[in-house]
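# Fold and contact review
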Amino acid sequence: AAAGLLRLLGENISVQCHFQRGKEGMHTKVDPGQLTQIILNLVVNARDAMPGGGCLALETCAVAVEGPENRELGSEELPPGEYVRISVADSGMGMSDEVKEHLFEPFFTTKDEGRGSGLGLATSYGIVRQSGGHICVESELGKGTTVKIFLPKVPAPPAPGYKRPGANKLPTGVETIL
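Here goes a summary of the coordinates provided. Note on numbering: residues in each chain are counted from 1, in written sequence order. Local features in this predicted model are restricted to residues whose pLDDT is 70 or higher, and side-chain atom pairs enter the listing and the counts only when it is 80 or higher, whereas totals over whole chains, interfaces and linings include all residues. In computing side-chain properties, one takes all heavy atoms of the structure into account and sets aside hydrogens as well as water.

### Observations concerning the packing of aromatic side chains
Paired rings are identified among Phe, Tyr and Trp, the last through its six-membered ring, by centres lying within 6.5 Å, and are further divided according to the angle between planes into stacked (under 30 degrees), edge-to-face (over 60) and tilted (the rest). Per the counting criterion, the structure on display carries one aromatic pair. Summarising the aromatic geometry, the rings of Tyr83 and Phe150 are spaced 6.4 Å apart at their centres and angled 85° between planes, so their arrangement reads as edge-to-face. In this pair, Tyr83 is assigned in strand β4 (residues 81-90) and Phe150 in strand β6 (residues 144-154), connecting sequence segments 67 residues apart. Of the residues examined, Tyr83 reaches a relative accessible area of 5% and is grouped as buried. In this structure Phe150 comes out as buried when scored by relative accessible area, which is 0%. Only DSSP runs of H or I with at least four residues qualify as helices, and only runs of E with at least two residues qualify as strands; both kinds are numbered from the N terminus onward. Residue exposure (1.4 Å probe, protein chains only): buried if accessible area is under 20% of the type maximum, exposed if over 50%, otherwise partly exposed.

### Here we look at the packing of helix α2 (residues 32-48) against helix α4 (residues 120-130)
Packed helix pairs are specified by the crossing angle of their axes together with the interaxial distance, meaning the distance between the axes. Note on geometry: axes are lines fitted to C-alpha atoms, helical ones only across the stretch in contact, with angles between N-to-C directions running from 0 to 180 degrees. Contact geometry for α2 and α4: axes closest at 10 Å, N-to-C directions at 145°. As for the relative orientation of α2 and α4, their crossing is left-handed in sense. On α4, the residues that touch Gln34, Gln37, Ile38, Asn41, Leu42 and Asn45 of α2 are Gly120, Leu121, Thr123, Ser124, Ile127, Val128 and Gln130. The sense of a crossing depends on the near helix, which, turned anticlockwise from the far helix by less than a right angle, makes the crossing left-handed and, turned clockwise, makes it right-handed. Any two residues whose heavy atoms approach within 4.5 Å are treated as being in contact.

### With respect to the environment of Ala122
Relative to the assigned elements, Ala122 resides in helix α4. Relative accessible area serves as the criterion here: at 15%, Ala122 is assigned to the buried category. Counting along the chain gives 17 residues from Ala122 to Glu105, while the straight-line C-alpha distance between them is 5.6 Å. If we ignore the near neighbours within four places in the chain, the residues touching Ala122 are Phe104, Glu105 and Pro106.

### Considering the side chain of Asn41
Topologically, Asn41 is positioned in helix α2. Leaving out residues up to four positions away in the same chain, Asn41 has contacts with Gly120, Leu121 and Ser124.

### A short note on α4
Every buried residue belonging to α4 is among Leu121, Ala122, Ser124, Ile127 and Val128, and all of these are buried. Following α4 by one or two positions, Gly132 adopts a phi angle in the positive range, close to 80°.

### Focus: the nonpolar core
Note that soluble globular proteins tend to have their nonpolar side chains buried in a common cluster. Here, the term nonpolar core denotes a set of buried Ala, Val, Leu, Ile, Met, Phe, Trp, Tyr and Cys residues that are joined through side-chain atoms within 4.5 Å. Ranked by internal contacts, the top residues of the largest apolar core, which has 24 residues, are Ile38, Leu42, Leu56, Leu103, Val128, Ile149 and Leu151. Elements with a minimum of two residues in this core: α2, β3 (54-65), β4, α4, β5 (134-140) and β6. Examining the composition of this core, we find that five residues originate from one element, α2, more than from any other. The contact partners of Ile149, leaving out residues within four places of it in the chain, are Ile38, Leu42, Val84, Arg85, Ile86, Val128, His134 and Ile135. Core analysis: the second largest hydrophobic core is formed by seven residues, Cys61, Val63, Leu78 and Cys136 among them.

### So, the pattern of salt bridges
For salt bridges, the criterion is a side-chain nitrogen of Lys or Arg within 4 Å of an Asp or Glu carboxyl oxygen. Under the defined criterion, the tally for this structure stands at four salt bridges. Among the salt bridges present, the one from Glu138 reaches Lys148, with a minimum N-O distance of 3.3 Å. On the criterion of sequence distance, the pair formed by Glu138 in strand β5 and Lys148 in strand β6 is long-range, its members being 10 residues apart. Classification of Glu138 as partly exposed rests on a relative accessible area of 23%. Residue class for Lys148 comes out buried when judged on its relative accessible area of 12%. Put simply, Lys143 and Glu140 hold a salt bridge, and the shortest N to O gap is 3.5 Å. Relative accessible area serves as the criterion here: at 61%, Lys143 is assigned to the exposed category. Since its relative accessible area comes to 46%, Glu140 is described here as partly exposed.

Here's what the structure looks like:
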């Protein structure tokens, strides 16, 4: 996946990855295919915001949201709880407040005709909300953009039980069939 990501970005964009794993890892409940779709969409948007090259940073970490006074900037809608945060940040051209207001609307795009459907962020928003999470965008003109996805953290799934090889064989009898 990483090699495909680098090919998608091109040679003039450097990539930094900061993945916090923790002892038991970090778990959330989301369709893996849909999550991949969201991240690829965000990476393509970041690439397009840096036509002259730049830096893309991907980060995952666990965050605890306790109360309104301790919430992260731009995540006002998050109920208190434990979350896995995925961030995609670029050093691109950034966005105006007016553009940010319409980001998650279907068919809204800042790209040239034929280059974007305007469905990427709207679809991403739907998937994240459907998974009980939240997505927010921090951006300033000339200073880049950071998209943060918050997904509820869940306990690690139980380890699969050990089964003896051949334990699923059908029972056999001692009778003879004529």
